[in-house]
Amino acid sequence: MKRSQSVFLIGPMGAGKSTIGRLLSAELKVEFFDSDKVIEERCGANIPWIFDMEGESGFREREEQAIDELTQMSSIVLATGGGVVMREANRRHLSARGTVVYLCTSVEQQLARTAKDKNRPLLQAENPERILRDLFSARDPLYREIADIIIETDQRNPRWVVQELKRLIKG
Ligand SMILES: Nc1ncnc2c1ncn2[C@@H]1O[C@H](COP(=O)(O)OP(=O)(O)O)[C@@H](O)[C@H]1O
Ligand SMILES: O=C(O)C1=C[C@@H](OP(=O)(O)O)[C@@H](O)[C@H](O)C1
Ligand SMILES: [Mg+2]
């Protein structure tokens, strides 16, 4: 683990960052933050509303601010949003301030895991599979660029992933 002892989860929508982050923080007995939830609480509105009113760029501004603050805390587990790596400042902060874990998942699993959830504005489109594939092409190299640990979650349940992560982080 890097000096701050924090763990930052990155990866695409449906990779399990929010789910695994919560479980991992309980296992490590540290505080948990989800940058999406922090943004929603601060704004007093949900993510679809922010995208509607401020556009994706408005959301990204809020996200950059939240990431800068949250990554300065010590010993936390942080679940980020899938688009966090699109801004260079976010990549720099995540990479310098904690252990970055890339949760990988196939587009098929992402689709299955996100199908019923209306809280992801980028997927409320006619062809979410196409969108997920395009996002994967743009973002996978950026996730890899800053990852200290890469873990495949496709055929694994969240509890297995948490135990594996605990082992890798401590090691
Ligand atoms: N490893 C996994 N196996 C099966 N289902 C999972 C797994 N990880 C997450 N899920 C489920 O997928 C959905 C999306 O997970 P979530 O944690 O919100 O992903 P993210 O924050 O990366 O977008 C949730 O319903 C969650 O229960
Ligand atoms: O991939 C993205 O650009 C986004 C992912 C979402 O978070 P999850 O990855 O937790 O779904 C959320 O930040 C927002 O809807 C945008
Ligand atoms: Mg999430």
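One structure accompanies this document, and this report is about it. Everything quoted here is computed from the prediction, not taken from an experiment. (Residues numbered from 1 in each chain as written. Chains lettered and ligands numbered in written order. Predicted model: local features only at pLDDT ≥ 70, side-chain atom pairs only at ≥ 80, totals over all residues. Heavy atoms only, no water.)

Concerning the overall build of the protein chain
Here's step 1: Counting its secondary structure elements, the protein chain contains seven helices and five strands.
Here's step 2: For the protein chain, the succession of helices and strands along the chain, N to C, is β-α-β-α-α-β-α-β-α-α-β-α.
Here's step 3: Radius of gyration (C-alpha) of the protein chain: 15 Å, near the 16 Å computed for a compact globule of 171 residues.
Here's step 4: On the principal axes, the C-alpha backbone points of the protein chain span a range of 45 × 35 × 25 Å.
Here's step 5: Looking at the protein chain as a whole, 47% of its 171 residues qualify as buried.
Here's step 6: Within the protein chain, counting contacts between residues at least 6 apart in sequence, those at least 24 apart form 74% of the total. (Helix = DSSP H or I, 4+ residues; strand = E, 2+ residues; numbered from the N terminus. Rg over C-alpha atoms; globule rule 2.2 N^0.38 Å. Buried < 20%, exposed > 50% of the residue type's maximum accessible area, 1.4 Å probe, protein only. Contact = heavy atoms within 4.5 Å.)

Things to note about the side chain of Lys17
Here's step 1: Structurally, Lys17 is set in helix H1 (residues 17-28).
Here's step 2: The charged side chain of Lys17 is buried without a salt bridge, its nearest counter-charge being Asp36 at 6.8 Å.
Here's step 3: A distance of 3.0 Å separates the side chain of Lys17 from the backbone oxygen of Gly11, its partner in a polar contact.
Here's step 4: Engagement of the side chain of Lys17 in a polar contact is seen with the backbone oxygen of Pro12, the distance being 2.8 Å. (Lys, Arg positive; Asp, Glu negative; His and termini not counted. Salt bridge = Lys/Arg side-chain N within 4 Å of Asp/Glu carboxyl O. Polar contact = N/O pair within 3.5 Å; in protein donor to acceptor, adjacent residues only side chain to side chain.)

A word on the environment of Ile150
Here's step 1: Considering the arrangement of structural elements, one finds Ile150 in strand E5 (residues 149-152).
Here's step 2: Ile150 sits in the partly exposed class, given a relative accessible area of 42%.
Here's step 3: When the C-alpha positions of Ile150 and Gly11 are compared, they lie 9.6 Å apart, and in sequence the two are 139 residues distant.
Here's step 4: With residues near it in sequence (within four places) discarded, Ile150 still touches Tyr102, Cys104 and Arg144.

So, the site of ligand 1
Here's step 1: Around ligand 1 there are 14 residues in total, and Gly14, Lys17, Ser18, Thr19 and Arg156 lie nearest to it.
Here's step 2: The contact in question runs from an oxygen atom of ligand 1 to an N or O atom on the backbone of Ala15, over 3.3 Å.
Here's step 3: About the coverage of ligand 1: the protein hides 71% of its 550 Å² of free accessible area.
Here's step 4: Of all the elements, H1 adds the most residues to the shell around ligand 1, at three residues.
Here's step 5: Classifying every residue of the shell around ligand 1 gives four nonpolar, six polar and four charged. (Near = heavy atom within 4 Å. Areas by Shrake-Rupley, 256 points an atom, 1.4 Å probe, with all protein chains shown as cover. Nonpolar A, V, L, I, M, F, W, Y, C, P; charged D, E, K, R; others polar.)

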